[in-house]
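Observations on chain architecture
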Amino acid sequence: KAGVTQTPRYLIKTRGQQVTLSCSPISGHRSVSWYQQTPGQGLQFLFEYFSETQRNKGNFPGRFSGRQFSNSRSEMNVSTLELGDSALYLCASSLEGTSGEQYFGPGTRLTVT
Amino acid sequence: GEDVEQSLFLSVREGDSSVINCTYTDSSSTYLYWYKQEPGAGLQLLTYIFSNMDMKQDQRLTVLLNKKDKHLSLRIADTQTGDSAIYFCAEKGPNAGNMLTFGGGTRLMVKP
């Protein structure tokens, strides 16, 4: 089975712009979660989608949003980018009704200048 | 809120055993996980343990869980240079969907 894929892998944006990141889960996985990883704050949960509905949301401002499509692919969007949004954004997928093992993609490295 | 703590750094010699420790605060955690991250890569799931288990062994990996003390450890037997990476423990609560709370990570350095 193919793993979790994320596109793009690297992105450079300017403050004030917006960005959309994409995640394709492992085939058959309907839950997709997003995490932000920074040296200062570590790994922080952004949100989780299951069956096109947001099931959980972390403590991030409303500039961070996401959605999930009927094929379980997910996108996250960050509007009005700030320098502090520079991070590795990781997507994870999992099967429902299991021990909740999450399988991570390689991440999208976002740099805001 | 829930908190997960790990020591920052561990250095071992090749062939020795490594023990990475983790403490957590959420007594209602259902599953606890260990992930490995190599430079420039995502997180690789190594193993996990259900909260009603004390121990789980998977080849070179042994997970010990002390639920009373909320302490989790990962033992890597016969540590190799390829095991050098950052190791994260994570916990999942009972009503959290698939949301994980991660520790800050332990950097394992294996010296030849």
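Residues numbered from 1 in each chain as written. Chains lettered and ligands numbered in written order. Predicted model: local features only at pLDDT ≥ 70, side-chain atom pairs only at ≥ 80, totals over all residues. Heavy atoms only, no water.

Moving on: the overall build of chain A. The helix and strand tally for chain A stands at 0 helices and 11 strands. On C-alpha atoms alone, chain A measures out to a radius of gyration of 13 Å, which is about the 13 Å that the 2.2 N^0.38 rule sets for 113 residues. Across the 113 residues of chain A, 51% fall into the buried class. Total accessible area on chain A stands at roughly 5300 Å², and carbon and sulfur atoms take up 48% of it. Of the side chains in chain A, 11 bear a positive and 7 a negative charge, and the two mean positions are spaced by 6 Å. (Helix = DSSP H or I, 4+ residues; strand = E, 2+ residues; numbered from the N terminus. Rg over C-alpha atoms; globule rule 2.2 N^0.38 Å. Buried < 20%, exposed > 50% of the residue type's maximum accessible area, 1.4 Å probe, protein only. Areas by Shrake-Rupley, 256 points an atom, 1.4 Å probe, with all protein chains shown as cover. Lys, Arg positive; Asp, Glu negative; His and termini not counted. Charge placed at Lys NZ, Arg CZ, Asp CG, Glu CD.)

As a volume, the largest pocket reaches approximately 440 Å³. When residues of the lining of the largest pocket are traced back to their parent elements, those giving at least two are β4 (31-38) of chain A together with β9 (85-92) and β11 (106-111) of chain B. Considering each element in turn, the lining of the largest pocket owes the most residues, 4 residues, to β11 of chain B. Classifying every residue of the lining of the largest pocket gives 10 nonpolar, 9 polar and 3 charged. (1 Å grid on protein atoms, 1.4 Å probe; cavity = no way out; pocket = protein on both sides within 12 Å on 5 of 7 lines; lining within 4 Å. Points joined across faces, edges and corners; volume = space filled by probe spheres on them. Nonpolar A, V, L, I, M, F, W, Y, C, P; charged D, E, K, R; others polar.)

Quick look at the sheet that holds strand β1 (residues 4-6) of chain B now. Residues and elements named next belong to chain B. As summarised here, the arrangement of the 5 strands in space is β1-β3-β8-β7-β6, forming an open sheet in which the pairing is antiparallel. This sheet does not close on itself; its edge strands, each paired only once, are β1 and β6 (55-58). The mean inter-strand angle of the sheet, taken between neighbouring strand axes irrespective of direction, is 15 degrees. As judged from the 4 bridges shared by β6 and strand β7 (residues 61-66), these two strands associate in the antiparallel manner. Looking at β7, one finds that M55 is bridged to L64. (Pairing = 2+ DSSP bridges. Axes fitted to C-alpha atoms, helices over the stretch in contact; angles between N-to-C directions.)

Right, let's get into the sheet that holds strand β1 (residues 5-7) of chain A. All names here are of chain A. Here we have 4 strands laid out as an open sheet, ordered β1-β3-β8-β7, and antiparallel in their pairing. Looking at strand neighbours, the two that pair on one side only are β1 and β7 (64-68), the edges of this open sheet. Pairwise comparison of adjacent strand axes, ignoring direction, gives a mean angle of 20 degrees for this sheet. Alignment of strand β3 (residues 19-24) against strand β8 (residues 74-78), held across 5 bridges, turns out to be antiparallel. Paired with T20 across the bridge in β8 is N77.

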